[in-house]
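Structural features, examined
Take a look at the letters that make up each chain.
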Amino acid sequence: MLRFLPHVVLAIGAAIMLLPFYWMALTSIRSPAEIFDISLWPIPETFSGGQNYAQAANTVPMARFMLNGVIVCSGILIVQVLTAVPAAYALAKLQFPGRRLLMALVIAALCVPMQALALPLFVGLAKANLLNTYFAQMAPFFLSVFAIFLFRQSFRSYPDEIIEAARMDGFTEMEICWRLVLRGSLPSLAAFSVFSVVAHWNDLYWPLIVVSDMAIAPPPLGMLFFSDVETGANYGALMAGAAMITAPMIVCFLLARRSFIAGITMTGVK
Amino acid sequence: MTLTATFEASARPPARSVPRGLVFVLPAVLLLLAIYIVPIIVLAGFSITDYRLGAMNWDFVGARNFTAAFADPVFIRALANTALYAAIVIPAGVFIALGIALLVYGRKSSRAFWETAYFLPVTATLVAMATVWQFLLHPSLGPVNTAITWAGFDPVSFLGNPALLIPTMALIGVWQVLGFNMVLFLAGLTAIPRDLHEAARIDGAKSPIDRFLTVTWPMLGPTTMFVVVTTSISAFKVFETVAVLTKGRSGSETLLYALYLEGFEYSNTGYAAALTLIFLAIVLILSIGQTLRMDRKVHY
């Protein structure tokens, strides 16, 4: 009997952890009349999923929010990788003046949360008349010191002999960095990409500050707007909206569980 | 670096990397200046002025913003709320996660399933999930209160009773952080050599609890330290749940929410800069040990 105890404890815990997801999915397909039905039975009396999702998509531009999320997340990720990979390669494998100072700055910057930089960045963007642009949403995240740190640790283990041989063969330093060294660290790249996309898809703080135009709002800001409009009126549509916004990250997580967990773990224990 | 030196250097591969390295780090250095270094200097400058965004003129006020902050009942309440939030989230988020990790670690075939189940809240958009929690905790429509009344207690107004606002948000915070911490503990557990458990067993640590106390717990020390640090930093950054569930009503503002209101809703730039520096100081104090550890790892 004692053998099953861990499973029972884990199952009860998991049920609590997953209850919000279940409740969200269930309510999103229930009709408004069933909102007072607190049973957890998975099949609604009348299937109103279509109606709820349509209402969520029509009350606010839900598809637009999702598209904005894709634009902002991919813009951030591309620039982060383009700037962090060469810097990490130089810090790991090249000698140049100020290398130690730069490494110290990267580590110091790792401790500074984005929220501490928001005020001056906001004032700067406001002065430049750049509020309510995709650029404003992405700019503070163009440099990921975490990516530099992560890639540097990973690039260091790349064999110097191969780099030397490639130089002899006439590879440029850029080719060595992108085509050889980065290729040896694809798991780190995957983990970082996941980490970055999840962080920025879910971020509310910065968009709330620089975006007031709903046409360029990312999903969390759209959700906040939607829940303020919809307060208490129609839980089915509200839950349908929540489901639409959380679904992309949940699907990605289920597909790339290993990269996800690796990305999180690499933030520290390694 | 003169031109001739560059030419000479290009003849020998190792030295060629001198200017190359600088070219490679240049974009990162420029961004580091624009996103981190200049803003921090500007922030420090704002904090000693009475600048308001859009105002024509401003004055130096010295440390008056800081003295005003500690005399401001709203800010003090925000600090106290955040401390209460952290006091719930840190112990619960760390120790429950450790328990889950220990249980999950022992599973062989079902481990992936449990990992997925407990990690799911970490990846979900908190703004959307906070809306779901609001519904779950609804006094009459939510299943949580139905369960409470079914068990014979009075329904709890989680988001109505002002005294319960912060604990309720802390509950959601624990729910979100557990999976993250579990994964960190699992990584820590994997790093403990199996032989140590064997050795402890031979040395007389018969019960699993003895072996936990003599081997697992001490070996997990660095991991636990790291988990406590990351959990406390994320606790001091609580924002989304406040923005969705309370918007600071009934005195439930947290540090970051109060800062957000001053800086971006009321445009009290100078005052908000002082609050930001206080917030930054708290985060830096919490992360200093961790950073020194990372620094050692880099230079060894």
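Throughout this description, residue numbers start from 1 for each chain and increase along the sequence as written. Note on labels: chains are lettered from A, ligands numbered from 1, in written order. Thresholds applied to this predicted model are a pLDDT of at least 70 for local features of residues and 80 or more for the giving and counting of side-chain atom pairs; totals over whole chains, interfaces and linings are not thresholded and use all residues.

What about the nonpolar core?
We count it as follows: To form a nonpolar core, buried Ala, Val, Leu, Ile, Met, Phe, Trp, Tyr and Cys residues must be joined through C-beta atoms within 7 Å. Three exposure classes are used, based on other C-beta atoms lying within 10 Å of a residue's own C-beta, which is placed from the backbone: buried for 20 or more, exposed for 12 or fewer, and partly exposed in between. Helix and strand definitions here come from DSSP, where helices need a minimum of 4 consecutive H or I residues and strands a minimum of 2 consecutive E residues; each element is numbered from the N-terminal end. The start and end points of each domain follow an automatic or database-based domain assignment. Here, residue contact means that the backbone-derived C-beta atoms of the two residues sit within 7 Å.
Ranked by size, the top nonpolar core spans 169 residues in total, and within it Ala-88 and Ile-148 of chain A together with Val-132 and Met-182 of chain B carry the most contacts. The greatest single-element share of this core, amounting to 16 residues, is contributed by helix α8 (residues 162–190) of chain B. When residues of this core are assigned to domains, at least three fall in each of domain 1 (39–71 + 255–295) and domain 2 (84–253) of chain B. Once residues lying within four places of it in the same chain are set aside, the contact partners of Ile-148 of chain A are Ala-84, Ala-87, Ala-88, Leu-91 and Val-106 of chain A together with Ala-28 of chain B.

Some remarks on the interface of chain A and chain B
In plain terms, the rule: When residue character is reported, Ala, Val, Leu, Ile, Met, Phe, Trp, Tyr, Cys and Pro are called nonpolar, Asp, Glu, Lys and Arg charged, and the others, Gly included, polar.
Contact residues are listed per partner, giving 77 residues for chain A and 77 residues for chain B. Here the residues of the side of chain A that touches chain B are counted per class, giving 63 nonpolar, 10 polar and four charged.

Remarks on the domain arrangement of chain B
Residues and elements named next belong to chain B. Along its sequence, chain B is organised into domain 1 (39–71 + 255–295) and domain 2 (84–253). The gap between the C-alpha centroids of domain 1 and domain 2 is 31 Å. The partner domain 2 presents 12 residues to the 11 residues of domain 1 that form the contact. If you list the elements that add at least two residues to the side of domain 1 that touches domain 2, you get α13 (255–265) and α14 (269–299). The element that contributes the greatest number of residues to the side of domain 1 that touches domain 2 is α14, accounting for six residues.

Points about the environment of Ala-205 of chain B
All names here are of chain B. Structurally, Ala-205 is set in the loop between α9 (194–202) and α10 (208–219). The class of Ala-205 is partly exposed, set by 17 C-beta atoms lying within 10 Å. With near-sequence residues (within four places) excluded, Ala-205 lies in contact with Ala-200, Asp-210, Arg-211 and Thr-214.

As for the packing of helix α13 (residues 235–255) of chain A against helix α6 (residues 126–136) of chain B
Quick note on the threshold: For every element, the axis is a line fit to its C-alpha atoms; helices are fit only across the contacting stretch, and the angle between N-to-C directions ranges from 0 to 180 degrees. Any angle between 65 and 115 degrees counts as roughly perpendicular, while under 35 counts as roughly parallel, over 145 as roughly antiparallel, and the rest as oblique. When the near helix sits turned anticlockwise from the far one by under a right angle, the crossing is termed left-handed; a clockwise turn instead gives a right-handed crossing.
The geometry of α13 of chain A relative to α6 of chain B is characterised by a closest axis approach of 9 Å and an angle of 150° between their N-to-C directions. Regarding the angle of α13 of chain A to α6 of chain B, the classification is roughly antiparallel. The interaxial crossing formed by α13 of chain A with α6 of chain B has left-handed handedness. Contacts from Tyr-235, Leu-238, Met-239, Ala-242, Ile-245 and Thr-246 of chain A of α13 of chain A reach α6 of chain B at Ala-128, Met-129, Thr-131, Val-132 and Phe-135 of chain B. In terms of residue class, the contact of α13 of chain A with α6 of chain B is built from nine nonpolar, two polar and no charged.

Considerations on the environment of Gly-184 of chain A
All names here are of chain A. Its location among the elements puts Gly-184 in the loop between α9 (173–181) and α10 (186–202). In this structure Gly-184 comes out as partly exposed when scored by C-beta crowding, with 14 C-beta atoms within 10 Å. Between the alpha carbons of Gly-184 and Pro-159 there is a distance of 10.0 Å; along the sequence they are 25 residues apart.

Describing the environment of Thr-223 of chain B
Residue and element names in this part refer to chain B. Along the chain, Thr-223 falls in helix α11 (residues 221–236). For Thr-223, a count of 22 C-beta atoms within 10 Å corresponds to the buried category. C-alpha of Thr-223 to C-alpha of Asn-181: the two residues are 42 residues apart in sequence and 9.6 Å apart in space.

Some words on unusual backbone geometry
A positive phi angle, near 60°, is found at Asn-132 of chain A, a position not held by glycine. For Asn-132 of chain A, a count of 16 C-beta atoms within 10 Å puts it in the partly exposed group. Even without a glycine there, the phi angle at Lys-247 of chain B is positive, about 50°.

So, the confidence of the model for chain B
Residue and element names in this part refer to chain B. Our working rule: Predictor confidence is given residue by residue as pLDDT, running from a minimum of 0 to a maximum of 100.
A residue-level look at chain B finds 91% of positions with pLDDT of 70 or above and a mean pLDDT of 85. Of all the helices and strands in chain B, helix α1 (residues 3–11) carries the lowest mean pLDDT, 40, while helix α4 (residues 73–106) carries the highest, 93. Here residues 1–13 is modelled with pLDDT under 50, and outside its nearest four sequence neighbours on either side it reaches eight contacts, counting other chains as well. Across the assembled chains, the prediction reports ipTM 0.87 with pTM 0.87.

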